[in-house]
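Chain by chain, the residues run as shown.
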Amino acid sequence: MTDHNKLSDTLLSDPTIKFTQDFGLAYKVDADTMMALRTYGPDLDAATGNNLHLLPVPAAYIVNRDGKIVFSYYNSNIQKRVDPEVLLRAAKMMLSHSH
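Chains are numbered independently. Their residues run from 1 in the order of the written sequence. Residues qualify for local features only when their pLDDT is at least 70, as the model is predicted, and side-chain atom pairs are given and counted only at 80 or more; totals for whole chains, interfaces and linings, by contrast, use all residues. In computing side-chain values, all of the structure's heavy atoms are included and hydrogens and water are not.

Peer 1: Which residues make up the pattern of salt bridges, and what values do they have?
Peer 2: Basic side-chain nitrogens of Lys or Arg form a salt bridge, by our definition, when they fall within 4 Å of a carboxyl oxygen of Asp or Glu. One pass over the structure, following the stated rule, counts one salt bridge. When the shortest N-O distance is used, the salt bridge between Asp22 and Lys18 registers 2.9 Å. In this pair, Asp22 and Lys18 both sit in helix α1 (residues 18-22), four residues apart, roughly one turn of the helix. Here a strand is any run of E in DSSP of at least two residues, a helix any run of H or I of at least four, and the numbering for each starts at the N terminus.

This is the structure we're talking about:
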């Protein structure tokens, strides 16, 4: 998506969930879900590198070059995600205001 939309900024991920915990965006996976993950995958412990059984809530942030958060999305309902088009519009708006 970066090349197609001519975005050159860095996309960050948090595979060990440390950042997610620090910002209060993690939730504890319940016992039934952990049983299903152990049975059907993925291996949550292997994916996160720990056995905390935490996953992130859906969240997205766009931070400008000055370190200011210019777009944020957070939803405690783990079924809901930010619309990619909304995120893309926010990124493009930030880029248009950075010149």
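Peer 1: Explain helix α2 (residues 31-40) to me, using residue names and the numbers behind them.
Peer 2: Contacts described as polar in this section are N or O atom pairs within 3.5 Å, which, within protein, must combine one atom able to donate a hydrogen with one able to accept it, while residues neighboring in sequence count only if both atoms come from side chains. Between a side-chain oxygen at the N-terminus of α2 and the backbone nitrogen of Asp32 the separation is 3.1 Å; the capping residue is Asp30. Remark: Gly41 follows α2 within two positions and exhibits a positive phi of approximately 85°.

Peer 1: Kindly report on the side chain of Asn50, identifying the contributing residues and their values.
Peer 2: Tracing the chain through its elements places Asn50 in the loop between α3 (44-48) and β2 (54-56). Side-chain polar atoms of Asn50 contact the backbone nitrogen of Leu52, separated by 3.0 Å. Contacts are assigned to residue pairs with any non-hydrogen atoms lying within 4.5 Å of each other. Residues in contact with Asn50, not counting those within four places in the same chain, are Thr16, Ile17, Leu44 and Asp45.

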